[in-house]
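Single-letter residue listing:
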Amino acid sequence: MRFRESGRLDTSGVQDRRGGGGGAGRGLAVGGGGLGLVGLVVVVLVQVLGGSGGDTSSLAGVLSGLDSGQTADNTQLEQSCQTVGSANDSTECAVVADIDSIQDYWGQTLGGTYQPADTVFFAGSVQTGCGGATSGSGPFYCPADRLVYIDLSFFHDLQTQFGAQGGAFVNAYVLAHEYGHHVQNLLGTNQQVNPGETGPTSGSVRLELQADCYAGSWANHAETVPDASGQPLIADITDDDIARALDTAGRIGDDFIQQNLGNGTVDQDSFTHGSSEQRQRWFRTGYSTGDPNQCDTFGAADLG
């Protein structure tokens, strides 16, 4: 995966809280929409606090936790990631470019329905509109404050703990999946999921597989979707990049995690994100068609 060399990189879609503290706080209470990567799985993306167009006054108590010593300082990020070409040499700059590309795609696909969402860089722990979270939660989207959260050390963990091949495009897939949850929140799709529902055909699984499909749909267009300059941020995505993304999708399926990182027993009734085969299938569906309308996992009789 390569980014173009010319032009300026826009870091305004990131809140860099890596030096802002915030503490572990209370457990992540509502929302989530993470990749389901560790034992401390983030709770399913939903519900009362997650609906778009809800009563914002109901969020006041939850969101007040964000003021507990947290600050965002993008100064260093802005200095390091001034040009688009810096994304070819720096993981954090590449993530900035990924976020810009993903949001350019959804803004052009959904038009006025799409509302941009920032990504929060944090280190160790963070307070969110859904409660406190740690790096162990993996990347996740919080519908209550409409923010994506990620500790960038996660990309290293993907390779060392899960055995994923990794790479710049894998990192982009991770971000695109989380922004898929943001799209679901804007469209009200998450309201179709009953809190705590699990199982191989559950609403939770359908929500996650659709986010994988949305990520694939963005990937199909990533080399052509223009930024504000009229040029695509991403110059090249190779077959090897797609193979690496599919490798990662296979390693974050519920069955792979339970078999290889859990007690060795696969329990389909506890699935919340889908099997490895399902996650690969739906990313591939989005990528091959480039059409988010083909990502209707809630209407699919066969999830794979």
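The structure presented is a predicted model; accordingly, all values stated were derived computationally and were not measured. (Residues numbered from 1 in each chain as written. Predicted model: local features only at pLDDT ≥ 70, side-chain atom pairs only at ≥ 80, totals over all residues. Heavy atoms only, no water.)

Participant: I'd like a description of unusual backbone geometry, backed by residues and values.
Facilitator: At R146, a residue that is not glycine, the phi angle is positive and equals roughly 55 degrees. With respect to the helices, strands and loops of the structure, R146 is situated in the loop between β6 (140-142) and β7 (147-150). Of the residues examined, R146 reaches a relative accessible area of 22% and is grouped as partly exposed. (Helix = DSSP H or I, 4+ residues; strand = E, 2+ residues; numbered from the N terminus. Buried < 20%, exposed > 50% of the residue type's maximum accessible area, 1.4 Å probe, protein only.)

Participant: Kindly report on the sheet that holds β6, identifying the contributing residues and their values.
Facilitator: Sheet architecture is open: four strands sit in the order β2-β3-β7-β6, paired in mixed fashion. Either end of the sheet is taken by a strand with one partner, and the two such strands are β2 (14-16) and β6. Strand-to-strand twist across the sheet, computed as the mean angle between neighbouring axes with direction ignored, equals 25 degrees. One ladder, built from three bridges, connects β2 with strand β3 (residues 119-121); its direction is parallel. The partner of V14 across the bridge, within β3, is T119. Strands in contact with helix α5 (residues 168-187) are β3, β6 and β7; relative to β6, the strand with the most contacts, it is inclined by about 25 degrees. (Pairing = 2+ DSSP bridges. Axes fitted to C-alpha atoms, helices over the stretch in contact; angles between N-to-C directions. Contact = heavy atoms within 4.5 Å.)

Participant: Would you mind going over the nonpolar core in detail, with residue names and values included?
Facilitator: Counting residues in hydrophobic clusters, the biggest one holds 63 residues, and the most contacted among them are F169, L175, W218 and F283. When residues of this core are assigned to their parent elements, the largest contribution, 10 residues, is made by α5. With sequence-adjacent residues up to four places away left out, L175 is seen in contact with V95, I99, I102, T119, V148, I150 and F155. Residues V120, C142, L147 and Y149 belong to the second largest nonpolar core, which totals 10 residues. (Core = buried A, V, L, I, M, F, W, Y, C linked by side-chain atoms within 4.5 Å.)

Participant: Summarise the state of the cysteines; cite the residues concerned and give the values.
Facilitator: All chains considered together, the criterion is met by three disulfides. At a sulfur-sulfur separation of 2.1 Å, the disulfide partner of C130 is C142. Because the sign of the S-S torsion sets the handedness, a value of about 100 degrees for the bond joining C130 and C142 places this disulfide among the right-handed ones. Of this pair, C130 sits in the loop between β4 (125-128) and β5 (131-134) while C142 is found in strand β6, placing the two residues 12 residues apart along the sequence. Accessibility expressed as a relative area gives 2% for C130, which makes it buried. (Disulfide = S-S within 2.5 Å.)

Participant: Residues and numbers for the pairing of β4, please.
Facilitator: Burial along β4 is two-sided: the residues S125 and Q127 and V126 and T128 are all buried. With four bridges joining them, β4 and β5 adopt antiparallel strand pairing. Paired with T128 across the strands is G131, a residue of β5. The antiparallel hairpin formed by β4 and β5 contains two residues in its connecting segment.

Participant: Describe the pattern of salt bridges, with residues and values.
Facilitator: Going through the model one piece at a time under the given rule, you end up with eight salt bridges. Taking the shortest distance from any N to any O, the salt bridge between R18 and E92 comes out at 2.8 Å. Placement of the pair is R18 in the loop between β2 and α1 (60-63) and E92 in helix α3 (residues 91-110), with a sequence separation of 74 residues. A relative accessible area of 32% places R18 in the partly exposed class. A salt bridge links R281 to D302; the shortest N-O distance between them is 3.9 Å. In this pair, R281 is assigned in helix α9 (residues 276-289) and D302 in the segment after α9, connecting sequence segments 21 residues apart. Accessibility expressed as a relative area gives 49% for D302, which makes it partly exposed. (Salt bridge = Lys/Arg side-chain N within 4 Å of Asp/Glu carboxyl O.)

Keep in mind these values describe shape, not function.
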